[in-house]
Amino acid sequence: MLKINELRTGYNGGEIVHGISLEVPDEKIVAIVGGNGAGKSTLIKAITGLIPTTSGTVEFDGEKLTGLAPDKIMQKGVCLVPEGRQLFPNMTVEENLDIGSCTKEAKKHRKENLEEMFEIFPRLLERRKQLTGTLSGGEQQMVATARALMGRPKLLIMDEPSWGLAPILVNEMFQTIKMVRDRGTAVLIVEQNVGHTLAMSDWGYVIENGVVVMQDDGNRLLQDEGLKKAYLGI
Amino acid sequence: MNNIFIAILHGLILGGAYSLIAVGLSVIFGVVRIINFSHGAMLMASAFAYYELFTRFNVDPFFAMFFIAPAFFIIGFLLQKVIIRPLLIRESASVLEPTSVMLFTIGLDYAICNLYLMIYTSRYKTLNTWSYKNYFRAFDNSFVTQYSRIIAFILCFVVAFGLWFIINKTELGKRIRAVSQNRDAAALCGVDVHTTYGIAFGLGTAALAIAGAAMSSFYLVSPSVGNVFGTKSFMIVVLGGLGSIPGAIVGGMIFGLIEQVIAQFIPSTMASMLSFAVFLIVLVLMPDGLLGSRKRK
């Protein structure tokens with residue numbers, strides 16, 4: 001589904017991602033883990049078109065995404081839950097979700113999708129007329145996830161979804177991610193919460209200093225002594 | 001009738017005209033985050049369009065605006081799409097605040113003003129329209145003002161309401177607000193950011209062209225007329241809160257009231273000086289303007 005080949009990118013000539021290749025198959029959860037500054041978020045920004053790439057390609061369902069603007073990439077079926085949520089703070093929950101489904105295709109299914117979102121996140125139904133800037137961190141994360149799902153993605157990318165969440169909410173969120181996969185949407189998740197993430201992932205990539213240093217089935221990666229020491233402190 | 005009461009009425013009427021001129025500027029800033037320094041020049045350009053239509057074809061500006069405003073929408077849209085967009089894209093790669101676009105609008109202001117100076121010379125022109133020649137009278141003839149000013153006052157609320165409605169109650173408005181609150185997030189949701197910017201820019205310039213119809217009917221038309229109202233528009237918009245439509249109305253009314261009411265007690269040049277003083281005081285005490293909201297995170 002998503003195929004990244006030797007991608008290089010960075011900011012203002014400073015290269016951060018030094019040739020990463022990875023793949024996300026249909027209906028699977030793929031994780032990218034790694035420490036601070038490993039280049040995970042930069043890679044995500046390049047995939048979604050927020051920053052230009054210097055070389056390499058991103059392909060989605062056989063189509064080239066490199067060089068497209070973020071809105072065009074989204075319309076191909078790649079939706080991002082960005083790091084730090086990036087909601088529209090002075091708009092209500094419902095308006096945020098409306099924007100998530102503002103493309104021609106998604107708009108046709110807005111009503112049914114909205115109902116589905118309120119089923120998955122009943123909390124948002126209670127809050128639907130509230131400005132998202134006034135919500136708690138957990139609720140904001142729900143809005144960000146629902147907003148991306150409103151765009152009916154074939155691939156959902158999540159950048160640090162556990163950021164700033166209480167442990168109990170982190171659990172809930174990972175449950176949601178599994179459910180999204182089981183509905184038939186592939187998920188690419190970027191996380192610093194290595195243990196949790198790899199445990200539920202079908203495949204995992206470990207990134208250090210802008211290159212892939214390890215890749216394997218999520219649970220097998222968790223058995224790796226080096227990884228345990230570096231990221232889990234055991 | 002009490003003089004002060006009449007002065008307040010005059011102040012509100014004048015304030016309406018000021019607000020009408022300023023509201024487009026506020027919308028453009030609120031969405032695109034660009035301070036359009038060519039605002040005054042575009043107002044002047046629209047006034048000359050009305051001048052031409054009136055002197056050549058005897059079309060009243062308040063009728064002509066139904067054609068000129070859409071034309072200015074297109075001009076604003078294209079200005080954003082063709083010139084400002086590449087500048088924004090090139091710059092967003094390196095810095096956060098779009099300063100080159102701001103400098104571009106300053107240059108554009110000079111270019112337009114001097115072009116019109118070349119064509120029309122600096123002579124003042126008046127449009128002897130019906131609403132310019134005829135006066136509205138009330139309270140036993142103690143309140144007398146041109147009909148064009150009354151129309152400007154009414155138009156101020158119509159235009160402000162129209163813009164408010166588009167921005168707050170329509171699907172397009174949702175997109176406009178989303179882009180203004182978080183450009184990248186809106187793009188990630190599939191919103192075409194630069195087209196939305198173009199529409200916002202177009203709406204702002206169309207509102208300005210409507211203001212031009214009013215202005216050319218109660219004031220003079222000359223290439224320097226933009227400077228008179230341009231500077232005031234900036235102060236009004238900042239005073240009321242950048243990007244706030246009700247703020248533009250409140251700011252305009254305050255300016256109108258200061259100029260008309262205070263002028264009852266002190267020379268009118270001092271009164272307009274006072275409006276600058278009020279502007280500075282508000283800025284110091286309330287940096288976001290009277291109705292400007294601090295950004296929620």
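No experiment lies behind these values; they were computed from the predicted model shown.

A. View of the overall build of chain B. Scanning chain B for helices and strands turns up twelve helices and two strands. Taken against the 2.2 N^0.38 rule, which gives 19 Å for 297 residues, the C-alpha radius of gyration of chain B at 19 Å falls within 12% of a compact globule. Principal-axis analysis of the C-alpha atoms places the extent of chain B at approximately 60 × 45 × 35 Å. Evaluated residue by residue, chain B yields a buried proportion of 52% over its 297 residues. Long-range contacts, defined as pairs at least 24 residues apart, comprise 75% of the intrachain contacts of chain B with a sequence gap of at least 6. With 20 positive and 11 negative side-chain charges, chain B shows a spacing of 2 Å between the two charge centroids.

B. Structural view of the overall build of chain A. Within chain A, the secondary structure is distributed over eleven helices and ten strands. A globule of 234 residues ought to have a C-alpha radius of gyration of about 17 Å, and chain A, at 17 Å, matches this closely. If one aligns the C-alpha atoms of chain A with their principal axes, the spans along those axes are about 45 × 40 × 30 Å. Out of the 234 residues belonging to chain A, those deemed buried represent 53%. Looking at chain A alone, contacts between residues at least 24 apart form 66% of all its contacts between residues at least 6 apart. Of the side-chain charges in chain A, 27 are positive and 31 negative, and the distance between the mean point of each set is 4 Å.

C. Broad picture of helix α10 (residues 225-240) of chain B. All names here are of chain B. A rise of 1.5 Å per residue sets the reference length of α10, with its 16 residues, at 22 Å; its end C-alpha atoms lie 23 Å apart and thus fit the reference within 8%. Among the 16 residues of α10, twelve are classified as buried, and the element is accordingly described as predominantly covered. Those residues of α10 not exposed but buried are V225, G226, F229, G230, K232, S233, F234, M235, I236, V237, L239 and G240. Phi turns positive, to about 115°, at G241, one or two residues after α10.

D. Structural detail: the sheet that holds strand β2 (residues 14-24) of chain A. All names here are of chain A. With antiparallel pairing, the four strands of this open sheet are ordered in space as β2-β1-β4-β5. The sheet is open, and its two borders are formed by β2 and β5 (63-64), each paired with just one other strand. One ladder, built from six bridges, connects strand β1 (residues 2-11) with strand β4 (residues 53-60); its direction is antiparallel. Across the sheet, K3 pairs through a bridge with E59, a residue of β4. Each of β1, β2 and β4 is contacted by helix α1 (residues 40-47), which is oriented at about 110° to β1, the strand it contacts most.

E. Region of the structure containing the pattern of salt bridges. According to the stated counting rule, one finds 24 salt bridges over all chains in the structure shown. Where D216 of chain A meets R220 of chain A, a salt bridge forms, and the shortest distance between an N and an O atom there is 3.0 Å. Accessibility expressed as a relative area gives 21% for D216 of chain A, which makes it partly exposed. Salt bridges linked by common partners bring D98 and R110 of chain A together with E171 and K174 of chain B together as one network.

F. Here's a closer look at the packing of helix α1 (residues 3-32) of chain B against helix α9 (residues 193-218) of chain B. All names here are of chain B. At a closest axis distance of 8 Å, the pairing of α1 and α9 adopts a crossing angle of 170°. Of the possible angle classes, the one that applies to α1 and α9 is roughly antiparallel. For the pair α1 and α9, contact is made by A17, L20, I21, V23, G24, V27, I28, V31 and V32 and by Y197, A200, F201, G204, T205, A207, L208, I210, A211, A214 and F218, respectively. When its residues are assigned to classes, the contact of α1 with α9 shows 17 nonpolar, three polar and no charged.

G. Structural view of the sheet that holds strand β10 (residues 211-216) of chain A. Residues and elements named next belong to chain A. Reading across from one edge, β6-β7-β8-β3-β9-β10 is the order of the six strands in this open sheet, with mixed pairing throughout. The sheet terminates laterally at β6 (78-81) and β10, the two strands that pair on one side only. Geometrically, the sheet is characterised by an average inter-axis angle of 20° between neighbouring strands, direction not taken into account. Relative to β10, strand β9 (residues 203-208) is paired through five bridges, and the arrangement is antiparallel. Looking across to β10, one finds that Y205 is bridged to Q215. Of the strands in this sheet, β3 (29-33), β6, β7 (155-159), β8 (186-191) and β9 touch α1, which is tilted by about 145° from β8.

H. Up close: helix α8 (residues 167-182) of chain A. Residues and elements named next belong to chain A. Here α8 is 16 residues long and its end C-alpha atoms lie 23 Å apart, about the 22 Å a rise of 1.5 Å per residue gives. Those residues of α8 lying buried are V170, M173, F174, T176, I177, V180 and R181. The arc enclosing the buried residues of α8, seen along the axis, measures out at 155°, which places them on a common side. Exposed side of α8, more than 90 degrees from the buried face: I168 and D182 are the residues found there. Elements that come into contact with the buried residues of α8 comprise β3, α5 (110-120), α7 (137-150), β7, β8 and α9 (194-200). Just downstream of α8 lies G184, where phi reads positive at about 105°.

I. Summary view of the interface of chain B and chain A. Contact with chain B, which involves 20 residues of that partner, is made by 28 residues of chain A. Interface area, chain B with chain A, both sides summed: about 2100 Å², of which 56% is carbon and sulfur. Our count for the contact surface shared by chain B and chain A stands at four salt bridges. Between K174 of chain B and D98 of chain A there is a salt bridge, and its shortest N-O distance comes to 2.7 Å. Viewed at the interface, chain A and chain B are joined by seven residue pairs in polar contact (both at pLDDT 80 or more). Listed by contribution, the elements that provide at least two residues to the side of chain B that touches chain A are α7 (171-181) and α8 (183-188) of chain B. If you tally residues by element for the side of chain B that touches chain A, the top one is α7 of chain B, at six residues. Split into classes, the residues belonging to the side of chain B that touches chain A amount to eight nonpolar, four polar and eight charged.

J. Spatial organisation of the environment of T57 of chain A. Residues and elements named next belong to chain A. One can find T57 in strand β4. Given a relative accessible area of 25%, T57 falls into the partly exposed group. T57 sits 145 residues away from D202 along the chain, and the two C-alpha atoms are 23 Å apart. Look past the residues within four positions of T57 in its chain and what remains in contact with it is K3, I4, N5, L7 and T66.

K. Up close: the nonpolar core. F88 of chain A together with L20, V32, Y50 and L163 of chain B are the most contacted members of the largest nonpolar core, which has 90 residues in total. Looking at which element gives the most residues to this core, the answer is α9 of chain B, with 16 residues. Residues within four places of L20 of chain B in sequence aside, it is in contact with A152, L155, C156, V159, A207, I210, A211 and A214 of chain B. Core analysis: the second largest hydrophobic core is formed by 39 residues, I29, A31, L97 and M150 of chain A among them.

Parameters at a glance
- Throughout this document, residue positions are counted from 1 along each chain, in the order its sequence is written.
- Lettering of chains starts at A and numbering of ligands starts at 1, both following the order in which they are written.
- At least 70 in pLDDT is required for a residue's local features to be given in this predicted model, at least 80 for side-chain atom pairs to be given and counted, and no such filter applies to totals for whole chains, interfaces and linings, which use all residues.
- Water and hydrogen atoms play no part in the side-chain values, which are based on all heavy atoms of the structure.
- For helices the rule is a DSSP run of H or I covering at least 4 residues; for strands it is a run of E covering at least 2, with both sets numbered from the N terminus onward.
- For a compact globule the rule gives 2.2 Å times the number of residues to the power 0.38, and the radius of gyration it is set against comes from C-alpha atoms.
- Relative accessibility thresholds used throughout: buried, under 20% of the residue-type maximum; exposed, over 50%; partly exposed, between the two (1.4 Å probe, protein chains only).
- Residue contacts are counted whenever heavy atoms from the two residues lie within 4.5 Å of one another.
- Neither His nor the chain ends is counted toward charge; the positive residues are Lys and Arg and the negative residues Asp and Glu.
- The location of each charge is read from NZ of Lys, CZ of Arg, CG of Asp or CD of Glu.
- Multiplying one less than the number of residues by 1.5 Å gives the expected span of a helix.
- The pairing criterion is simple: DSSP has to find at least two bridges between the two strands.
- Only the contacting stretch of a helix is used when fitting its axis, a line to C-alpha atoms as for every element, and angles between N-to-C directions run 0 to 180 degrees.
- Any carboxyl oxygen of Asp or Glu within 4 Å of a side-chain nitrogen of Lys or Arg constitutes a salt bridge here.
- Should an angle fall under 35 degrees it is taken as roughly parallel, and over 145 as roughly antiparallel, whereas 65 to 115 is taken as roughly perpendicular and any remaining angle as oblique.
- Each residue receives one of three labels: charged for Asp, Glu, Lys and Arg, nonpolar for Ala, Val, Leu, Ile, Met, Phe, Trp, Tyr, Cys and Pro, and polar for the others, Gly being one of them.
- Throughout, the arc means the angular range of directions from the helix axis out to the C-beta atoms.
- Summed over both partners, the accessible surface that disappears when two parts come together, traced with a 1.4 Å probe, is what is meant by buried area.
- Here a polar contact is recorded for every N or O atom pair within 3.5 Å, except that within protein the pair must consist of a potential hydrogen donor and a potential acceptor, and residues adjacent in sequence are included only if both atoms are side-chain atoms.
- Among buried residues, those of type Ala, Val, Leu, Ile, Met, Phe, Trp, Tyr and Cys that are joined through side-chain atoms within 4.5 Å constitute a nonpolar core.

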